Amino acid sequence: MHGNGIVAILATLIGLPWIILHYITKWRSAPKITDQDERLLDEMFNLARRLEERVQTVERIAQADHPDWKPGLSATTPSYRIERSN
């Protein structure tokens, strides 16, 4: 019975730090976003925003030409909005 307590203490003192250090190492070696990736994301965000503005313009034109084209959509209210979170 005394031997089981020693094994449990050794497992806790050696095993637990080993597991923690193992996952810290894995976390640090995980791929990170590069500056190039960030620039690409910014470009894609800007493209999405410009496309959204174009779609809203087309929707306003269609709404003005055909008021019942899309019921419930006003000429000034966007149907959706892309927002960037930081």
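Per chain, residues are indexed from 1 in the order of the written sequence. Reporting in this predicted model follows two pLDDT cut-offs: at least 70 for local features of residues, and 80 or more for side-chain atom pairs to be given and counted; totals over whole chains, interfaces and linings ignore these cut-offs and use all residues. To obtain the side-chain values, all non-hydrogen atoms of the structure were included, while hydrogens and water were left out.

1. Here we look at the overall build of the protein chain
- Helix and strand definitions here come from DSSP, where helices need a minimum of 4 consecutive H or I residues and strands a minimum of 2 consecutive E residues; each element is numbered from the N-terminal end. Of the regular secondary structure elements, the protein chain holds 2 helices and 0 strands.
- Each residue's exposure class comes from its accessible area (1.4 Å probe, protein chains only) as a fraction of the maximum for that residue type: buried when under 20%, exposed when over 50%, partly exposed otherwise. Looking at the 86 residues of the protein chain, the share that counts as buried comes to 7%.

2. Side note on helix 2 (residues 35-65)
- Helix span, as expected, comes to 1.5 Å for every residue beyond the first. Over its 31 residues, helix 2 extends 45 Å from the first C-alpha to the last, a length consistent with the 45 Å expected when each residue adds 1.5 Å.
- Within helix 2 the residues assigned to the buried category are Glu 52, Gln 56, Glu 59, Ala 62 and Gln 63.

3. Observations concerning the pattern of salt bridges
- Put simply, a salt bridge is a Lys or Arg side-chain nitrogen that is within 4 Å of an Asp or Glu carboxyl oxygen. One pass over the full model with this rule turns up 1 salt bridge.
- When the shortest N-O distance is used, the salt bridge between Glu 53 and Arg 49 registers 3.5 Å. Here Glu 53 pairs with Arg 49, and both are found in helix 2, just 4 residues apart, close to one helical turn.
- The class of Arg 49 is partly exposed, set by a relative accessible area of 29%.

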